[in-house]
Amino acid sequence: MDSGKAVHRRKPDIPVIRPRASDENQQVSAKRLELSMVIRLLEDPLTADLKERHLFVLKKLLKRNQIGFLLKELKGIAKILNICAEKVKDHPEYVPILCEALNICSLPFLKEKASDELTYAQDVIEFLSHMGCLMRVSDAEVRQQIVASVKSFYSCVAPKQLLDGTDPFFKTKPRTFSSDNRFSRLSLRLQPASPGYRLQLLERSDLPQTLLLSMAALENQPAIRLQLLQTLQILSSSSDLNCVLILNARGAEMICLHMNEPDPSGQVLFRSSEILWNLLERGNKEEVTAQLSSMECVLSLKEAFFTSLGCSDHQLTNELLVIVALIAENPNSLLIESSFAKDLVVLATFPECKTVNPLVHNLNFNFSTEDLKMKKLLLNLLVLLSGDFAALQLFEEERVIPALLTLMKPPTASSERQSGSGRWSSAQQEELQLQALTILATIAPLMLEEYVSCQGIACLLLLLDWCIRKDALFGHSSHGTGGRGSKTAQMFHCIRVLRSVTSSCVDSVNQDLCDQGVINQLLGILMQMEVSPDEEDVITLEIKLDIQLVLSLLCESDMHRKELFGSEGVEMVLHFLRKGSDRFYSGLGHNKLILSTVDCVWSCIVGCYTTEDFFLAKEGVSVLLDLLSSSPGCVHCNILATLLELCDNPNALPHVVSWRDGRGQTAPGLLLQLWREEEEELQVSRNQHGGIADPQRPLLSLHQQHDTKLSFPADVPSQAVLELSENLRAKIYSILCKIGFYDLPGLSAKHYVTLSIVRRYLDFKVGEVWEEISRELSLDGVRPISPDEEALSTICKITEDTARRVAAEQNSILEQREKEELGEEELMYAEMKSHWRQQELMAKSWDSYVSRTSNYEILKEVKAQRESTRPKPKREGTAVHPTEHFIGQVIAAESTDAQGSAGLKLMLTRAPIKTAEAGLR
C-alpha cells in the first residue's frame with residue numbers, strides 16, 4: 001500500500017505556473033512515473049491482484065510516453081510488457097495495454113543526450129528481442145500489433161524498400177501529433193534516435209528469429225500469418241544479417257514447409273517464394289539449398305510447383321523452378337527419390353514427345369514468354385540432374401534424347417509459315433534450338449548408345465551443313481551473333497556437341513563420323529571462315545579452336561584418318577602457323593588457337609610419312625622454328641615436342657640444320673639459347689659465363705634444392721624424374737641428339753659452353769637420380785649393404801668428376817676464346833698502327849712538297865743536299881762495273897681543279913732509282 005500511496009502523491013494538487021521552457025522540463029521530469037515503482041506494484045504479492053490499480057497506473061504510464069519511450073527506460077518497459085503478457089492469460093483486460101504499448105514502440109525511441117544511443121544500445125537489443133517474444137500471446141490483436149510495429153520500423157527509413165516488399169494496404173500510417181502535444185514542448189530536451197539506429201540494433205537482436213519461429217503458432221490465424229510473411233519479406237530483403245539470423249533458425253526449411261497451408265488470399269505461396277529468393281540472394285546459398293534438400297521440403301516444393309502450374313501466369317512457377325534448380329546442384333538432394341525429377345523430365349520433353357502422362361493433359365501452355373522461360377528452366381534441369389546415374393536411366397525412359405534432337409533440327413520453311421499461337425515463334429524456336437544443343441553437349445557423351453541409336457550423328461552433321469548455307473529468314477534470336485541471317489551461334493554449339501562426342505574416345509562413334517566425311521567437312525568450314533571478310537571475334541575463334549580439337553581427336557590414333565587429313569589439312573595448319581604469335585595476348589583467344597594448331601600438327605601429321613613429307617615440302621619445319629623463336633615461353637614446350645617427333649623423319653633433319661631466322665641465328669643456336677633461358681628461370685647454379693658453378697649439383701634447380709630434406713612415397717615420382725616433363729631441357733637434349741653435337745653451324749663460345757652441359761645431360765640426370773635415392777634412404781634411416789653403399793658412392797663420385805671435367809672443358813673453351821679475342825685485338829691494333837703510320841708518311845711527304853714548291857730557298861737547299869749526296873765521278877783506269885738499277889717507291893703528284901690539299905692527287909708507284917731521278921730532274 002505504501003507504493004500505492006507513493007503513486008498518488010505524485011499527482012499534482014496545486015496548479016503550477018509555467019513561465020519558461022526550462023521550468024516546464026523540470027515539471028515534466030517531476031511528473032514522470034518511476035518505472036521501478038510500477039514494476040514493484042505489478043510484482044509485489046501484496047498488490048499483484050489490484051487489477052484496477054494496475055490498469056490505471058499503466059494507462060497513465062502510456063499516456064505520459066505517448067510520443068515514444070526513452071532509451072534509458074526501455075529495460076524497465078520490457079519488463080513491464082513481459083509481466084502484462086503473463087497476466088493476459090487470465091485477465092484479457094491487459095490486452096489494450098499491450099496493444100497501446102506496442103503501438104508506441106512503432107515510434108522512434110527518444111534520447112536525452114547524444115551519447116544515449118551508444119550507452120543504451122544493449123538495452124535496445126534486449127527490448128527488441130523481448131518484443132518478439134510477445135508473439136507467445138495468443139491474442140490476435142497483440143500479434144497483429146507486433147507485426148505492424150516491426151513493419152513500421154522500415155516505413156520511416158526505407159519507404160521504397162517497403163513498397164517493394166509489401167502491398168499498400170498493409171502500410172502503417174505515420175503517427176501524427178496535435179499542436180498542443182508535449183513533443184513540441186520537450187523538443188529542447190528529448191530528441192528522437194537516428195532513423196537507422198533501431199534497424200542496426202534489430203540486426204543484432206533475436207527479433208527476426210522469434211518472428212520466424214512464431215509461424216508455427218499462427219495456423220489458425222491466416223491473416224496474421226500473411227502479415228508476418230510480409231514482415232519477414234521486408235526483413236530478409238533489407239539486410240544480409242537478418243538473412244543470417246533467419247537461416248540460423250532454419251528459416252528456409254520452415255518457410256518451405258508452411259508455404260502450402262490453406263490461404264484464402266492466395267498470397268502465402270507468393271510471399272514464401274519471395275522470402276526464399278531473398279535468402280538465396282542475400283544469405284548463404286549453400287546453407288539455403290542444404291535446408292531445402294530434405295525430403296519434406298522437396299515434397300512441399302513439388303506441391304507448390306504443381307499448384308502454381310495450374311495458373312495462367314507461370315511467373316511464380318518459374319521462380320520455384322529456379323529454386324528447384326539450385327537444389328538440384330546439391331548432390332544430396334532427393335529430387336529423384338521424391339519422384340519430383342520424373343515429373344519435371346516429363347514436362348521438359350513436352351510437347352516434343354507425345355505422352356499419356358496426366359501431368360500434361362491439363363497443362364495451360366500458351367507459348368508465351370513465361371512459357372518459354374519455364375521450358376528453358378525445365379531443359380536446364382536436365383543438365384543439373386545428369387550427374388546422377390539414376391537420372392540417366394530416367395532420361396532414357398522419358399525419351400529425352402529424341403526430344404532434344406527434335407528441338408535442334410533446323411527449321412523448315414513450312415514451320416516458319418505455320419508459327420502462330422499454337423506453336424513456338426521463330427525467335428523462340430531458335431532459343432530452344434540453341435539450348436537443346438547446349439544440353440546435348442553435356443548429355444550426349446553420357447548416353448552415347450542412346451544418342452547413336454536415335455541417329456544423333458546424322459542429325460548433327462545435317463545441322464552443321466545447314467549452318468553453312470545462307471538463310472535470310474533465320475537469325476532472330478539474341479544468341480545468334482551477327483544479326484539477321486547469321487547462324488554463328490548454331491555453328492558454335494553444333495561444333496561443341498561434336499567436340500564432346502569425339503572426346504569420349506569411343507572408336508565406333510569416331511569411325512562413324514569419319515565414314516560420313518566429317519574431316520573434309522570440318523576442313524572446308526575452317527578455311528571458309530578464314531576467307532570470310534567478317535572480323536574475328538571470340539565466338540569465331542572458339543569455333544576454329546573446337547574444329548581443330550575435333551580433328552586432333554579423330555586423327556590422333558588412326559593412320560588412315562591422318563591420310564584423310566592430307567594436303568588440305570596441311571595447308572590449313574600452315575596457314576594458321578604462319579599467322580605467328582603477334583596477337584597472342586589480344587584477349588580474344590589467339591593463344592589457345594596457336595596451341596590447338598600445334599597440337600593439330602602433332603596429332604594429324606606426325607606419324608604418317610605421306611602427310612609428313614608434304615608438310616616438310618611446304619617448309620613446315622621452318623614455320624615451326626619461326627614460331628618457336630617468336631612465341632612466348634608458354635608455347636615452347638608444345639612446339640619442341642612436335643619438332644622432336646618430326647625429327648624421327650630423316651628428311652626433317654636437313655630442314656632443321658639449314659634454318660635461319662631474320663638475324664641469322666641457326667636452329668642449334670636457338671635451342672641452346674632456350675636452354676640458357678630455361679636454366680635462368682629454374683635458377684640453376686651457373687657462373688657468369690653459363691658454366692657449371694657447383695660440380696656436385698650440375699642440373700639441380702632452386703626448387704629441387706629446397707626439397708632435398710623431403711622423402712616421397714614409393715608411388716609418387718621424385719623431383720628428379722618429375723622435372724623431365726616440367727621443363728624444356730629434356731626435349732632440347734633429345735632434339736640435339738638427333739641433330740648431333742659436332743660441326744653445328746652458327747655457334748659462339750657461349751653456345752659451346754652450354755653445349756658441353758647439354759651433351760652430358762643424360763649422365764648428369766642419371767647421377768642426380770642415384771644421389772636422390774641415396775639421400776632418401778638416409779632420410780628414412782635405411783643403411784644399404786656395404787656393396788650397394790659403395791656403388792652409390794662411386795656413382796655419385798663419377799657424376800661429380802664428370803661435372804668437373806665439363807667445367808674444365810668450359811674453362812678451356814673460354815680461355816681459347818679469350819686467346820682468339822686477344823689475337824684479333826692485336827691484329828686490329830696492328831692494322832690501326834699501320835694505317836696511322838701510312839697517313840703520317842703521306843702527310844709528311846705532302847708538307848715537303850708544299851714547302852719546296854712555295855719557297856725557293858728551301859728548294860735550293862734540297863737541291864744542294866742532293867748534289868752533295870751524289871757520288872763523285874770515278875777515276876780513269878778503274879774498273880767499270882755494270883750499272884745496277886734499284887727499284888724504289890716514288891710518289892707521283894697530279895694537280896686537279898679543287899682548292900687546297902684536295903686539289904692534289906697523289907699516287908705511290910714503283911720505279912728504278914735512275915728513272916725516278918730522271919723524272920725528278
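Coordinates for the structure precede this section.
Residues numbered from 1 in each chain as written. Predicted model: local features only at pLDDT ≥ 70, side-chain atom pairs only at ≥ 80, totals over all residues. Heavy atoms only, no water.

Caption draft 1: Main features of the overall build of the protein. A count of helical and extended segments in the protein gives 47 helices and 4 strands. Looking at the protein as a whole, 46% of its 921 residues are labelled buried. For the protein, the proportion of contacts with a sequence separation of at least 24, taken over those separated by at least 6, is 74%. Carbon and sulfur atoms form 54% of the exposed surface of the protein, whose accessible area is close to 47500 Å². (Helix = DSSP H or I, 4+ residues; strand = E, 2+ residues; numbered from the N terminus. Buried < 20%, exposed > 50% of the residue type's maximum accessible area, 1.4 Å probe, protein only. Contact = heavy atoms within 4.5 Å. Areas by Shrake-Rupley, 256 points an atom, 1.4 Å probe, with all protein chains shown as cover.)

Caption draft 2: Quick look at helix H15 (residues 240–248). Every buried residue belonging to H15 is among Asn 242, Cys 243, Leu 245, Ile 246 and Leu 247, and all of these are buried. Between the side-chain oxygen at the start of H15 and the backbone nitrogen of Leu 241 there is a gap of 3.1 Å, and the oxygen is on Ser 239. The first or second residue beyond H15 is Arg 250, which carries a positive phi of 55°. (Polar contact = N/O pair within 3.5 Å; in protein donor to acceptor, adjacent residues only side chain to side chain.)

Caption draft 3: Quick look at the nonpolar core. Ranked by size, the top nonpolar core spans 141 residues in total, and within it Phe 395, Tyr 451, Leu 551, Phe 565 and Phe 615 carry the most contacts. Setting aside residues no more than four positions away along its own chain, Phe 395 makes contact with Val 345, Leu 382, Leu 385, Ser 386, Val 400, Ile 443 and Met 447. In this structure, Ile 97, Leu 235, Ala 252 and Ile 323 belong to the second largest nonpolar core, which totals 88 residues. (Core = buried A, V, L, I, M, F, W, Y, C linked by side-chain atoms within 4.5 Å.)

Caption draft 4: Geometry of the environment of Glu 253. Mapped onto the fold, Glu 253 is located in helix H16 (residues 251–257). Once the C-alpha coordinates of Glu 253 and Thr 289 are considered, the two residues, 36 residues apart in sequence, prove to be 9.3 Å apart.

Caption draft 5: Quick look at a nonpolar patch on the surface. Taken together, the side chains of Leu 762, Val 766, Trp 770 and Ile 773 make up a nonpolar region of the molecular surface, amounting to roughly 330 Å² of accessible area. Note that Ile 773 resides in helix H44 (residues 761–779). A relative accessible area of 37% places Ile 773 in the partly exposed class. (Patch = residues over 30% accessible without salt bridge, like charges linked within 9 Å, V, L, I, M, F, W, Y side chains within 5 Å. Salt bridge = Lys/Arg side-chain N within 4 Å of Asp/Glu carboxyl O.)

Caption draft 6: Spatial organisation of the packing of aromatic side chains. What the rule picks out here adds up to 10 aromatic pairs. With a centroid separation of 5.0 Å and 80° between ring planes, the pair formed by Phe 584 and Tyr 585 is classed as edge-to-face. Cluster of aromatic residues (ring-pair linked, three or more members): Trp 675, Tyr 733, Phe 741 and Tyr 761. When the ring centre of Trp 675 is taken as reference, the NZ or CZ atom of Arg 729 above it lies at 6.0 Å. (Phe/Tyr/Trp six-rings, centres within 6.5 Å; stacked < 30°, edge-to-face > 60°. Lys NZ or Arg CZ within 6 Å of the ring centre and 35° of its normal.)

Caption draft 7: How the structure looks around the pattern of salt bridges. Applying the stated criterion to the full structure yields 39 salt bridges. One salt-bridge network, in which partners are shared between bridges, spans Arg 496, Arg 499, Glu 542, Asp 546 and Lys 592.

Caption draft 8: The arrangement of the side chain of His 636 in detail. In this fold, His 636 is placed in helix H37 (residues 633–646). Taking the relative accessible area as the measure of exposure, His 636 reaches 8% and is therefore buried. Within the structure, His 636 has its side chain in polar contact with the backbone oxygen of Leu 628 (distance 3.3 Å). Those residues in contact with His 636 that lie beyond four places of it in its chain are Leu 628, Ser 631, Leu 674 and Leu 728.

Caption draft 9: The packing of helix H29 (residues 488–503) against helix H31 (residues 518–530), seen in detail. For the pair H29 and H31, interaxial distance at closest approach is 14 Å and the crossing angle is 145°. Taken as a pair, H29 and H31 cross one another with a handedness that is left-handed. Side by side, H29 and H31 meet where Met 491, Ile 495 and Leu 498 of the first sit next to Val 518, Leu 522, Ile 525 and Met 529 of the second. Looking at the contact of H29 with H31 residue by residue, the classes come out as 7 nonpolar, no polar and no charged. (Axes fitted to C-alpha atoms, helices over the stretch in contact; angles between N-to-C directions. Left-handed = near helix turned anticlockwise from the far one by under 90°. Nonpolar A, V, L, I, M, F, W, Y, C, P; charged D, E, K, R; others polar.)

Caption draft 10: Inspection of the packing of helix H6 (residues 95–105) against helix H9 (residues 140–155) at higher detail. Contact geometry of H6 with H9 gives a least axis separation of 8 Å together with a crossing angle of 5°. Taken together, the axes of H6 and H9 lie roughly parallel to each other. Taken together, the residues of H9 that come into contact with H6 (itself represented by Val 95, Leu 98, Cys 99, Leu 102, Asn 103 and Cys 105) are Glu 141, Val 142, Gln 145, Ile 146, Ser 149 and Phe 153. (Parallel < 35°, antiparallel > 145°, perpendicular 65-115°, else oblique.)

Caption draft 11: Inspection of unusual backbone geometry at higher detail. Cis geometry is adopted by the peptide bond preceding Pro 351, which originates at Phe 350 and carries an omega value of 5°. In this structure, Pro 351 sits in the loop between helix H21 (340–348) and helix H22 (369–385). Residue Arg 250 is not a glycine yet carries a positive backbone phi of 55°. Positive phi, normally seen in glycine, also occurs at Ser 339, with a value near 65°. For Ser 339, a relative accessible area of 31% translates into the label partly exposed.

Caption draft 12: Representation of the state of the cysteines within the structure. Applying the stated criterion to the full structure yields 0 disulfides. The cysteine Cys 604 is free of any disulfide, with Cys 600 supplying the nearest cysteine sulfur at 3.7 Å. Classification of Cys 604 by relative accessible area gives buried; the value is 0%. (Disulfide = S-S within 2.5 Å.)

Caption draft 13: Summary view of helix H26 (residues 426–443). The end-to-end C-alpha separation of H26 is 25 Å, in line with the 26 Å expected for 18 residues at 1.5 Å each. Counting buried positions along H26 gives 13 out of 18 residues, so the element sits mostly inside the fold. (Expected span 1.5 Å × (residues − 1).)

Caption draft 14: Structural detail: the environment of Ala 749. Of note, Ala 749 is situated in helix H43 (residues 749–759). Linking Ala 749 and Leu 814, residues 65 residues apart in sequence, is a C-alpha distance of 6.8 Å. The residues touching Ala 749, leaving out its near neighbours within four places in the chain, are Ile 813 and Arg 817.

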